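Chain by chain, the residues run as shown.
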Amino acid sequence: GGDDCYSDLRPTSNYLGVESSIPAVKMVEKVEKLALPCLPVGEGPHWQEDLQALLFVDVFAKKLRRHFINTGRSQELYLDDGDSATFVSMVIPVEDDPELMVVALGKNLSVVRWSVDDPNIHTTKPKVLHTTTDHRFNDAKCDPQGRLWAGTMCPLDDKGKPLEYNNCSLYKFDHDLVCTSWVKKVTLSNGMTWSHDRKSFYYIDTVAEAIYHFDYDDEAGSISNQRVLLNYPEAGLQDQRPDGMTTDVDGNLWVACFGGRQVICVDPKEAKVIRKIAIPSKNVTSVCWGGKDYSTLYVTSGTLRTTPEERAAYPSSGGTFAVTGLGTKGTPPINYKVNLDKLK
């Protein structure tokens, strides 16, 4: 990473013509790269409202990163787990103690403490909470009740092709860290989000090239009736795969497209793509809403499996971006509501 990957990004314009005496509505979305290094894989963005900071993982460096939007300060936390894991794949703060973070390091779901008072570059030893028998954890998200859903993924070769298929799962960790399995035969568990009426759960298996729709029972914390909401090849998205995902206030899904240089917006009622936002990085990994009114879409990406020519053509590859002017916004993220005694 470094300053060599910064570039001037021009905002793209959308003009929506309205047939009336009212002047045409001009919607201008703007994509800006944050002053952060370009990463092999940035992932799992999570907005910390009290700090006005973007929290995310630097997967291959085994680091958490935190960027304070108002001041430009950046913190890095290296996770020293004795080299038991090669990757960190997600970070979510704990509800009643926001300095506590749940992280996924390889096979281990762990907890670390990270303060704004820590030095900008700092190291900590994670405490293991749970170890999976699957290959390793990947993405995770909390449901509306603050239960943690964490998926696993199969091993991949150097080209990103799975070495095994359909032998990982999506798990739920309740408020007491009790783990149950909910979706089996998963190859690469990824993005998750819930509908505002708490009746639908959306979930991605990247290798299956599909966004799935489930019925969700908020009280029980259960999901059922899995069906395909959007198949990428059938939607004309053959050269890319779905990755991280979030929901806006209108109930639409915003999905990072790995290999696609874009974020798409999907209307789940119509099961179709209604918008595409170009991102100047080929491998777009995840998205979250943030900023003071949640109208900024933060987007992570990576240089992983890109050629020198692709990186030269897109010097912002692997950057972390802020997209504004979208005409919609999100809602605050859910932190993990867990019995703090279980983390001691």
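Residues numbered from 1 in each chain as written. Predicted model: local features only at pLDDT ≥ 70, side-chain atom pairs only at ≥ 80, totals over all residues. Heavy atoms only, no water.

Our focus in this paragraph is the UniProt feature "binding site: substrate" (unreviewed entry) in the chain. As recorded in UniProt, the feature "binding site: substrate" (unreviewed entry) lies at Arg136, Asn138 and Asp157. Within the fold, Arg136 resides in strand E12 (residues 136-142). Relative accessible area serves as the criterion here: at 10%, Arg136 is assigned to the buried category. Assessed through its relative accessible area of 11%, Asn138 is described here as buried. Look past the residues within four positions of Asn138 in its chain and what remains in contact with it is Ser89, Met90, Ala104, Gly151, Thr152, Met153, Leu188, Ser189 and Asn190. (UniProt positions renumbered as here; feature names shortened; annotations may be inferred. Helix = DSSP H or I, 4+ residues; strand = E, 2+ residues; numbered from the N terminus. Buried < 20%, exposed > 50% of the residue type's maximum accessible area, 1.4 Å probe, protein only. Contact = heavy atoms within 4.5 Å.)

Turning our attention to the sheet that holds strand E10 (residues 121-124). Read from one edge of the open sheet, 5 strands run E3-E4-E5-E6-E10, paired in mixed fashion. Since the sheet does not close on itself, it has two edges, and those belong to strand E3 (42-48) and E10, each with one partner. Neighbouring strand axes in the sheet, compared pairwise and without regard to direction, differ in orientation by 20° on average. Pairing analysis gives 4 bridges linking strand E6 (residues 74-79) to E10, with the strands arranged parallel. Paired with Tyr78 across the bridge in E10 is Thr123. (Pairing = 2+ DSSP bridges. Axes fitted to C-alpha atoms, helices over the stretch in contact; angles between N-to-C directions.)

Moving on, we get to the pairing of strand E9 (residues 108-113). Burial analysis of E9 places 5 of its 6 residues in the buried class, the great majority of the element. The pairing of strand E8 (residues 97-105) with E9 spans 6 bridges and is antiparallel. Within E9, the position partnered with Val103 by the bridge is Ser110. Counting the residues between successive antiparallel strands, the hairpin from E8 to E9 contains 2 residues, one of them, Gly106, with a positive phi of roughly 60°. Across 4 bridges, E9 lies against strand E11 (residues 127-131) in antiparallel orientation. Bridge pairing links Ser110 to Val128 in E11.

What follows concerns the packing of aromatic side chains. In this structure the tally under the stated criterion is 12 aromatic pairs. Ring plane angle 80° and centroid distance 5.0 Å describe the contact between Phe60 and Phe87, whose orientation is recorded as edge-to-face. With Phe60 in the loop between strand E4 (53-58) and strand E5 (63-68) and Phe87 in the loop between E6 and strand E7 (88-94), this pair connects stretches of sequence that are 27 residues apart. When the centroid spacing of 6.1 Å and the interplanar angle of 50° are considered together, the rings of Trp149 and Trp182 count as tilted. Placement of Trp149 in strand E13 (residues 148-153) and of Trp182 in strand E15 (residues 179-186) is noted, with a sequence separation of 33 residues between them. On the basis of relative accessible area, Trp149 is assigned to the buried category, the value being 0%. A relative accessible area of 30% means that Trp182 is categorised as partly exposed. Each residue in the set Trp149, Trp182, Trp194, Phe201, Tyr203, Phe214 and Tyr216 is aromatic and connected to the rest through ring pairs, giving one cluster. Positioned above the aromatic ring of Trp114, the side-chain terminus of Arg66 is 4.2 Å from the ring centre. The ring of Phe87 has Arg136 lying over it, and the distance from NZ or CZ to the ring centre is 4.3 Å. (Phe/Tyr/Trp six-rings, centres within 6.5 Å; stacked < 30°, edge-to-face > 60°. Lys NZ or Arg CZ within 6 Å of the ring centre and 35° of its normal.)

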